[in-house]
Amino acid sequence: MDHYDIVIFGAGIVGLSVACGLQDLGLQVLIIESTLPKTPINTEIISPHAKHFSVLNQASKFLFQHFGIWSNILNINTSTFYRMEMWERDSFGNITFEESLRRNPARSLGYIIENKKVHDFLWQYVKNLHNMTIITSEKVIKVSLKDKKALIFLKKNTVISTNLIIAADGADSSLRQHIKIPLLSWNYKHNALISNIRTEIPHQKTAYQIFHNNSILVFLPLIDPNLGAIIWSLLPEKAEYLAGTSEALFNQHLSVNFDVKLGLCNAEGMRQVLPLQGCYTHKFIFNRLVLVGNSAHTIYPLSDQGLNLGLMDAAELIGEIRRLHHQGKDIGQHQHLRRYERRRKYSTFQTLIGTEGCYRIFIGENLRKKFLRDSLLTIINQLPSIKSYLLKNAQGMTNIPNWLR
Ligand SMILES: Cc1cc2nc3c(=O)[nH]c(=O)nc-3n(C[C@H](O)[C@H](O)[C@H](O)COP(=O)(O)OP(=O)(O)OC[C@H]3O[C@@H](n4cnc5c(N)ncnc54)[C@H](O)[C@@H]3O)c2cc1C
């Protein structure tokens, strides 16, 4: 029977980030990924069909800086934005966040990464690390969490033992289901329509969020000054309609919903609809098992926080494993993992509550609600101290693990 100090299930961005953080500890780490990455990395190509983009905040940037790979990430089609404007489409509410380029060029409101490119880079990077073994297309038959070690039963009668299993296998985590961890899940009754769009007027590194009754349109500026990625949260039937309608009609709807802020908009590449669901597990740890990233929580993308939250799970866990390892303690024991659970549950809960609150206020046609959100946006826009607290929160600086500060 092979033994590994740590087994990571799932080589998504979060699972691979945990692996990066364990590289110099001398621990034997096995990564089990159920699929094969489809295309090799090519940092030169800027795909016209790029689909899924995420915003990384300052805390996530610090994590990649700590791994020594931030400059690589900046080089793979990552764009930066310094201003964000939000408004209610047919009313008076609006708010603007800004980091002055001139005051401090290193500080931006966020970094827009193309998920697949960053994932491909991390995959190649981790593959070349010492003490890392990766197996793909592997099916797990059974997992047994024992007092002294965990056993993983793979097909072809292979059994692996380990001190700690890290579940980073995404929102439908089969490991979470296998262990029967209770889950609180809910449907947002909204789908996200994602696409790239070309704008008539240059975006000037500004991100936008436009609220209108039952839709929220998010525009993220990409490196090309006239290109952006949109995440458009809509009622499912509307999202399907807009995804399937002709390009001319889609462009017309889009330009109107964008208040023609950047002139006429044209969809570029594919339009894709993703269902939006939320979930939160009641336990982030078991004896010899830890959940990180989407396997522990998924949230509405309005606040751009899902991946950042997962990366901070990774950061907190890396800090704990390093501490336990240096103290010569068993890294898989339930009692030793409780600090991780306490801290990450608190941080996740805060983000979930904040996002849920925003979602409930910013979605809906009720006139009282509209008045409330208009007033909130307008009042907060006049209060620099609240704006700066909100910004600090969005940058992940209120819940960053101590070792990363
Ligand atoms: C429309 C939209 C917009 C978003 N925008 C943002 C944003 O702006 N900012 C942000 O921070 N977040 C954003 N998010 C959230 C973010 O994309 C996710 O939180 C993040 O990708 C989750 O990463 P993960 O590594 O935890 O999971 P995943 O990316 O799902 O990775 C899980 C990995 O596990 C593998 N796997 C699955 N099952 C098994 C198994 N049984 N055994 C082994 N491996 C397995 C999968 O193949 C995959 O490689 C957005 C999400 C959506 C839907």
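Before any of the text, the structure's been laid out above.
Below is a summary of the structure that appears in this document. (Residues numbered from 1 in each chain as written. Predicted model: local features only at pLDDT ≥ 70, side-chain atom pairs only at ≥ 80, totals over all residues. Heavy atoms only, no water.)

**As for the overall build of the protein**
Phase 1 of the analysis: Across its full length, the protein holds 11 helices and 19 strands.
Phase 2 of the analysis: A compact globule built from 405 residues would reach a C-alpha radius of gyration of about 22 Å, and the protein, at 22 Å, matches this within 12%.
Phase 3 of the analysis: Of all 405 residues assigned to the protein, the portion counted as buried reaches 54%.
Phase 4 of the analysis: Across the protein, contacts joining residues at least 24 apart in sequence account for 74% of those joining residues at least 6 apart.
Phase 5 of the analysis: Per element, the accessible surface of the protein, about 18,200 Å² overall, is 54% carbon and sulfur.
Phase 6 of the analysis: Taken together, the 45 basic and 32 acidic charged side chains of the protein have centroids lying 6 Å from each other. (Helix = DSSP H or I, 4+ residues; strand = E, 2+ residues; numbered from the N terminus. Rg over C-alpha atoms; globule rule 2.2 N^0.38 Å. Buried < 20%, exposed > 50% of the residue type's maximum accessible area, 1.4 Å probe, protein only. Contact = heavy atoms within 4.5 Å. Areas by Shrake-Rupley, 256 points an atom, 1.4 Å probe, with all protein chains shown as cover. Lys, Arg positive; Asp, Glu negative; His and termini not counted. Charge placed at Lys NZ, Arg CZ, Asp CG, Glu CD.)

**Some remarks on the site of the ligand**
Phase 1 of the analysis: What surrounds the ligand is a group of 30 residues, the closest being Glu33, Val55, Ser174, Asn294 and Leu307.
Phase 2 of the analysis: The contact in question runs from an oxygen atom of the ligand to an N or O atom on the backbone of Val14, over 3.1 Å.
Phase 3 of the analysis: Glu33 has a polar side-chain atom sitting 2.6 Å from an oxygen atom of the ligand.
Phase 4 of the analysis: Coverage of the ligand by the protein amounts to 81% of the 1,000 Å² it exposes when considered alone.
Phase 5 of the analysis: A breakdown of the residues in the shell around the ligand according to their chemical character gives 13 nonpolar, 14 polar and three charged. (Near = heavy atom within 4 Å. Polar contact = N/O pair within 3.5 Å; in protein donor to acceptor, adjacent residues only side chain to side chain. Nonpolar A, V, L, I, M, F, W, Y, C, P; charged D, E, K, R; others polar.)

**A short note on unusual backbone geometry**
Phase 1 of the analysis: If you check the backbone angles, Asn77 has positive phi at about 65 degrees while not being a glycine.
Phase 2 of the analysis: Following the sequence through the fold, Asn77 ends up in the loop between helix H3 (70-74) and strand S4 (79-81).
Phase 3 of the analysis: Although it is not a glycine, Arg288 sits at a positive phi angle of roughly 70 degrees.
Phase 4 of the analysis: Tracing the sequence through the fold places Arg288 in the loop between strand S17 (285-286) and strand S18 (289-291).

**Regarding the environment of Leu27**
Phase 1 of the analysis: Take Leu27: it is sitting in the loop between helix H1 (13-21) and strand S2 (29-33).
Phase 2 of the analysis: Taking the C-alpha atoms as reference points, Leu27 and Phe64, separated by 37 residues in sequence, lie 20 Å from one another.
Phase 3 of the analysis: Ignoring anything within four residues of it in the chain, the contact list for Leu27 reads Asp5, Ile6, Asn131, Ile321 and His325.

**Some details on the nonpolar core**
Phase 1 of the analysis: In this structure, Ile6, Ile8, Ile31, Phe64, Leu122, Ile166 and Ile321 are the most contacted members of the largest nonpolar core, which totals 75 residues.
Phase 2 of the analysis: Ranked by residues supplied to this core, first place goes to helix H8 (residues 306-326) with 10 residues.
Phase 3 of the analysis: Contact partners of Leu122, with chain neighbours within four places excluded, come to Ile13, Leu16, Ser17, Cys20, Phe64 and Ile69.
Phase 4 of the analysis: Listed in part, the 30 residues of the second largest apolar core include Met86, Ile194, Phe211 and Val218. (Core = buried A, V, L, I, M, F, W, Y, C linked by side-chain atoms within 4.5 Å.)

**Remarks on the sheet that holds strand S3 (residues 53-56)**
Phase 1 of the analysis: Spatially, three strands are ordered S3-S7-S4 in an open sheet, and the strand pairing comes out antiparallel. Each of the sheet's edge strands pairs with one partner strand only, and the pair in question is S3 and S4. With strand direction ignored, the average angle separating the axes of adjacent strands in the sheet is 30 degrees.
Phase 2 of the analysis: As paired strands, S4 and strand S7 (residues 110-114) are joined by three bridges and run antiparallel to one another. By the bridge assignment for S7, Thr80 is matched with Tyr111.
Phase 3 of the analysis: Packed on one face of the sheet, H8 meets S3 and S7 and runs near 55 degrees to S3. (Pairing = 2+ DSSP bridges. Axes fitted to C-alpha atoms, helices over the stretch in contact; angles between N-to-C directions.)

**Regarding the environment of Trp70**
Phase 1 of the analysis: Following the sequence through the fold, Trp70 ends up in helix H3.
Phase 2 of the analysis: It is 9.7 Å that separates the C-alpha atoms of Trp70 and Ser60, two residues lying 10 residues apart in sequence.

**Some words on a nonpolar patch on the surface**
Phase 1 of the analysis: Residues Ile379, Leu383, Ile386, Tyr389 and Leu390 make up a contiguous nonpolar surface patch of roughly 420 Å² in combined accessible area.
Phase 2 of the analysis: By the secondary structure assignment, Leu383 is in the loop between helix H10 (367-381) and helix H11 (384-394).
Phase 3 of the analysis: Under the relative-accessibility criterion, Leu383 is labelled partly exposed at 33%. (Patch = residues over 30% accessible without salt bridge, like charges linked within 9 Å, V, L, I, M, F, W, Y side chains within 5 Å. Salt bridge = Lys/Arg side-chain N within 4 Å of Asp/Glu carboxyl O.)

**Comments concerning the packing of aromatic side chains**
To describe a pair of aromatic rings, one takes the distance between the centres and the angle between the planes.
Phase 1 of the analysis: In this structure the tally under the stated criterion is 14 aromatic pairs.
Phase 2 of the analysis: Taken together through their ring pairs, the aromatic side chains of Trp87, Tyr208, Phe219 and Phe258 make up a single cluster.
Phase 3 of the analysis: The aromatic ring of Phe250 is capped on one face by Arg271, whose charged end is 4.5 Å from the ring centroid. (Phe/Tyr/Trp six-rings, centres within 6.5 Å; stacked < 30°, edge-to-face > 60°. Lys NZ or Arg CZ within 6 Å of the ring centre and 35° of its normal.)

**Focus on the side chain of His336**
Phase 1 of the analysis: Mapped onto the elements of the fold, His336 is located in helix H9 (residues 334-362).
Phase 2 of the analysis: Judged by relative accessible area, His336 falls into the buried class, the value being 15%.
Phase 3 of the analysis: Beyond its immediate stretch of four places on either side in the chain, His336 contacts Glu320, Arg323, Leu324, Lys329 and Asp330.

**Comments concerning the side chain of Thr162**
Phase 1 of the analysis: Its location among the elements puts Thr162 in strand S11 (residues 158-167).
Phase 2 of the analysis: Of note is the side chain of Thr162, whose polar atom sits 2.9 Å from the backbone oxygen of Tyr4.
Phase 3 of the analysis: Within the local environment of Thr162, its side chain forms a polar contact with the backbone oxygen of Leu164, the two atoms lying 3.2 Å apart.
Phase 4 of the analysis: Those residues in contact with Thr162, other than ones at most four positions away along the chain, are His3, Tyr4, Asp5, Ile6, Val7, Lys149, Ala150, Ile152 and Arg288.

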